[in-house]
Structures are given as C-alpha cells and as structure tokens.
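Structural features, examined
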Amino acid sequence: MNCTMLPEQRTCEDAKEVLSAVLHSTTVADKMAFYDKWADTYDQDVGALDYLPPNEATKCITSHFAGDRGSAAILDLACGTGLMAKQLKEGFLNFVGIDGSPGMLEQAKESGLYQELKQCILGEQPLPVKRESFDVVVMCGALCVGHVPVHVVRDLFDPCKKGGFVCLTCRKDSGNVEYKAELERELKRLENEGLCSCVTITEVDRWMKAGKQGQDGYLSGSVYLYKKL
C-alpha cells in the first residue's frame, strides 16, 4: 500500500510516527501535552491514515435518528479538532464539544461548528454538562488502551436524554483486544441493568490504515449505537 503525500507534505509514515509516540505517552499530562503539540497537523495525519470512524459513526447516527436534526443537541466527547461535527454538520447544527487538550479545543473552535467547548479529562473529572440534556452523545476514537477508561462509559449516558442515542467507536487491533472485550462486557452490563438498549453494532473492516511503522493494510473496528431508556 502506498502512503499518499498530502499538500503539506505529511505522509502516512509521518502520521504513524506521531501515533506511535502518543500511544507510548505514559501519564495523562504527557498525553495532553502531546495532543496540544499534535493539534496543528492532526487532521492532516488522520487523513493520511484514511481514518474513517467519524464517517462510520455519522452513518450510524443519521440512519437511526428520526427527530428534528436542526434542533437536536449533540454532545461530542473527546471531540479533538472537530472531526465528528464536520461529518454531522449536514443536518445537525447544535454541538457542544469536550476534550482534555486545550490545543485540540482551539482547533475545534476555529471550525466554527461548536456553540460551546469545554475542557475536561474524561475519567478524571466529572462531565461539565447537565444531565439528560442531549439528544445524541458521541465519542469517536478515544475508547482504547491508555486513553479513556472503560468505566467512564456508564457516565456517558447521564447527559443523554431518555430516548436519545449514545454512539461509541472502538478499533480492533492486537493491542486493544482486551480493552474492546471489556468495553463490550460493560455495555452488556448497562443493558442488563435497563439503562439502555442496543440499537445496532456495526463491524467495519476498513477502519484506518495500520498505525504502526512498517505495518501495512487496514485495522478493523466497531460502531456501537445504544438508546437510553
């Protein structure tokens, strides 16, 4: 597979080098500092990696959301530079974004798509939003080893209105197998408790280009859509 050269001269090998570095950042502070530095080239790098989870999550949400999209409130958790809002903006208009990195939030602000942006480190700080105030809660890309802990998933349903949707993504690779399995066990526990019901789980073969240097091909992943009861 050839790595496509971008106009800014960022290649997929450049992106793999950066991704490897962030995965090896050990503390939360280190990770946030790294994301701050990465923010300027983040969109270019994930583009070079053909990163498709935002597209897949958008397809999942739009195919099941039957309400008025223009008035629907969307909570974008771990919003980064705003890739989810950029995908959902065709129809959805009201976005609140939360991320732990000030640098990423600055990029999201420049998109002009968010009515409100808040800094919060998920898993270490409570969500700075009101309960049951959003029609859709989405977290795309942050559910993996070394990022957002699985136990946080329960909290993601708090800001969702009853009857609203929670959409999550998780990649499948050798380093994320146990995390993904635990995520699915947690979602099943929440379903058994009557907090939510599973609407659909979409398995995606072409998730993103393999992120390790020297690797070829694509990773796979899953999109989870749940309705709050």
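The structure contained in this document is the topic of the report that follows. (Residues numbered from 1 in each chain as written. Predicted model: local features only at pLDDT ≥ 70, side-chain atom pairs only at ≥ 80, totals over all residues. Heavy atoms only, no water.)

**Comments concerning the pairing of strand β1 (residues 73–77)**
Within β1, five of the five residues are buried, which leaves the element mostly enclosed by the surrounding structure. Burial of β1 is two-sided: the residues Ala73, Leu75 and Leu77 facing one way and the residues Ile74 and Asp76 facing the other way are all buried. Bridging between β1 and strand β2 (residues 94–99) involves five bridges; their strand directions are parallel. From the neighbouring strand, Ile74 faces β2, where its bridge partner is Phe95. As defined by bridge partners, β1 adjoins strand β4 (residues 134–139) across four bridges and the pair is classed as parallel. Paired with Ile74 across the strands is Val136, a residue of β4. (Buried < 20%, exposed > 50% of the residue type's maximum accessible area, 1.4 Å probe, protein only. Helix = DSSP H or I, 4+ residues; strand = E, 2+ residues; numbered from the N terminus. Pairing = 2+ DSSP bridges.)

**Some words on the environment of Tyr218**
Within the fold, Tyr218 resides in strand β7 (residues 218–228). Taking the relative accessible area as the measure of exposure, Tyr218 reaches 24% and is therefore partly exposed. Measuring from C-alpha to C-alpha, the distance between Tyr218 and Asp50 comes to 9.1 Å, with 168 residues separating the pair along the chain. At 2.6 Å, the side chain of Tyr218 and the side chain of Asp50 are in polar contact. Separated by 3.0 Å, the side chains of Tyr218 and Arg206 make a polar contact. (Polar contact = N/O pair within 3.5 Å; in protein donor to acceptor, adjacent residues only side chain to side chain.)

**Notes on the layout of surface pockets**
Taken as a whole, the second largest pocket spans an internal volume of roughly 160 Å³. Lining the second largest pocket are 14 residues, with Gln125, Pro126, Leu127, Asp155 and Asp158 sitting closest to its centre. Counted by class, the lining of the second largest pocket contains six nonpolar, three polar and five charged residues. (1 Å grid on protein atoms, 1.4 Å probe; cavity = no way out; pocket = protein on both sides within 12 Å on 5 of 7 lines; lining within 4 Å. Points joined across faces, edges and corners; volume = space filled by probe spheres on them. Nonpolar A, V, L, I, M, F, W, Y, C, P; charged D, E, K, R; others polar.)

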